[in-house]
Amino acid sequence: MQNFRFFILPIFIAICVATAGIAFAQSAIFVPADGIHAGEPSPNDAANLKQDDIARFVQLQIDLYRVVMTFDARAKQVEKAIRPFEEAELLRMEQQALAGKDAEQIPRTPENAARYSLLVSEPTLCKELDESLRRYIEKNTPALEAVVKSFTAETLDMSDAQKAETAARIRTALQAYTDLRRAQEILYLCLYRYKNDVGMPRPYSVEKTMRAWFTIQLPLVDAWLGNVD
């Protein structure tokens, strides 16, 4: 069931990312109510602290997706090239097989050679994305660990009604986060691409890099959904 937890994590993060607008609006400016002076405990202090943790947690996710979005233009080139490259490669391999094992190697067309350079030659989109994600994760792991620990403790104290209310706010806010789906599409281009064009393992893995980020957040999944091991 460990794999199920990793499957749930991106869904959970996608939902939480969408709380950015709400979390910022509720926590960025705090004006004490009448009769309550700054520094005095307020009945709303716990809620404010919870919103602060949500805001910090969400911001870490948003910033990671912003890293991904810096590859948007490059990813569009890759998406445009993948299908014609694969079709041309399959045709070339078929022609090579029909020509016989002793025949000269059939070269790629100039167009497909350019696609090969874009998709296969290092550094690829996936390699550069992996390096950028790795730098971000290494820098922000302590902050994520701290907020997950605090936010997990708060989640454990939430009633089912409070969770339902939070989920409703999250669903509403999700519609306003316009870059999330595109960032996920870019990540998907590089997930599970473990081998290069000749079948050798690559020295990098976007999936493994992202797994390290999600592993830190497993306590939140257990607190929200219950331990599913």
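By convention here, each chain's residues receive numbers from 1 onward along its written sequence. Predicted model: local features are reported for residues with pLDDT of at least 70 only, side-chain atom pairs are reported and counted for 80 or more only, and whole-chain, interface and lining totals are derived from all residues. Working from all heavy atoms in the structure, the side-chain values ignore hydrogens and water.

### Focus on the nonpolar core
Working step 1: We define the nonpolar core as a collection of buried residues of types Ala, Val, Leu, Ile, Met, Phe, Trp, Tyr and Cys that are connected through side-chain atoms lying within 4.5 Å of one another. Residue exposure (1.4 Å probe, protein chains only): buried if accessible area is under 20% of the type maximum, exposed if over 50%, otherwise partly exposed. In this structure, Leu64, Leu129 and Leu133 are the most contacted members of the largest nonpolar core, which totals 41 residues.
Working step 2: Helix numbers and strand numbers start at the N terminus; a helix is a DSSP run of H or I with at least 4 residues, a strand a run of E with at least 2. The set of elements that each furnish at least two residues to this core consists of helix H3 (45–69), helix H4 (72–99), helix H6 (125–156), helix H8 (180–190) and helix H9 (206–216).
Working step 3: If near-sequence neighbours (up to four positions away) are discounted, leucine 64 is found in contact with Leu133, Tyr136, Ile137, Met210 and Trp213. By definition, residues are in contact when any of their heavy atoms lie within 4.5 Å.

### Some points on the environment of arginine 92
Working step 1: Structurally, the position occupied by arginine 92 is in helix H4.
Working step 2: Of the residues examined, arginine 92 reaches a relative accessible area of 14% and is grouped as buried.
Working step 3: The spacing of arginine 92 and isoleucine 106 is 14 residues in sequence and 6.9 Å in space, taken between C-alpha atoms.
Working step 4: Sequence-distant contacts of arginine 92, defined by excluding residues within four places in its chain, comprise Gln105, Ile106, Pro107 and Arg108.
Working step 5: We define a polar contact as two N or O atoms separated by no more than 3.5 Å, with the added condition that, inside protein, one atom must be a possible hydrogen donor and the other a possible acceptor, whereas residues neighbouring each other in sequence contribute only through side-chain atom pairs. A polar contact of 3.2 Å, which involves the side chain of arginine 92, links it to the side chain of glutamate 89.

### Side note on the side chain of threonine 124
Working step 1: Examined against the element boundaries, threonine 124 turns out to sit in the loop between helix H5 (110–119) and H6.
Working step 2: Note on threonine 124: relative accessible area 3%, which makes it buried.

### Focus on the state of the cysteines
Working step 1: The disulfide criterion is simple: two cysteine sulfur atoms within 2.5 Å. One pass over the full model with this rule turns up 1 disulfide.
Working step 2: Each sulfur of the disulfide joining cysteine 126 and cysteine 190 lies 2.2 Å from the other. Residues cysteine 126 and cysteine 190 share a disulfide whose torsion about the S-S bond is about -90°; that sign makes it left-handed. With cysteine 126 in helix H6 and cysteine 190 in helix H8, the pair connects residues that are 64 residues apart, well separated along the chain. Taken individually, cysteine 126 and cysteine 190 each receive the classification buried, so the pair is uniform in this respect.

### Observations regarding the pattern of salt bridges
Working step 1: Within this document, salt bridges are pairs made up of a side-chain nitrogen of Lys or Arg and a carboxyl oxygen of Asp or Glu, the two lying within 4 Å of each other. Tallying each qualifying case throughout the model produces 14 salt bridges.
Working step 2: Residue arginine 182 is joined to glutamate 79 by a salt bridge in which the shortest nitrogen-to-oxygen separation is 2.8 Å. On the criterion of sequence distance, the pair formed by arginine 182 in helix H8 and glutamate 79 in helix H4 is long-range, its members being 103 residues apart.
Working step 3: We note a salt bridge from glutamate 122 to arginine 202, for which the minimum N-O separation is 3.5 Å.

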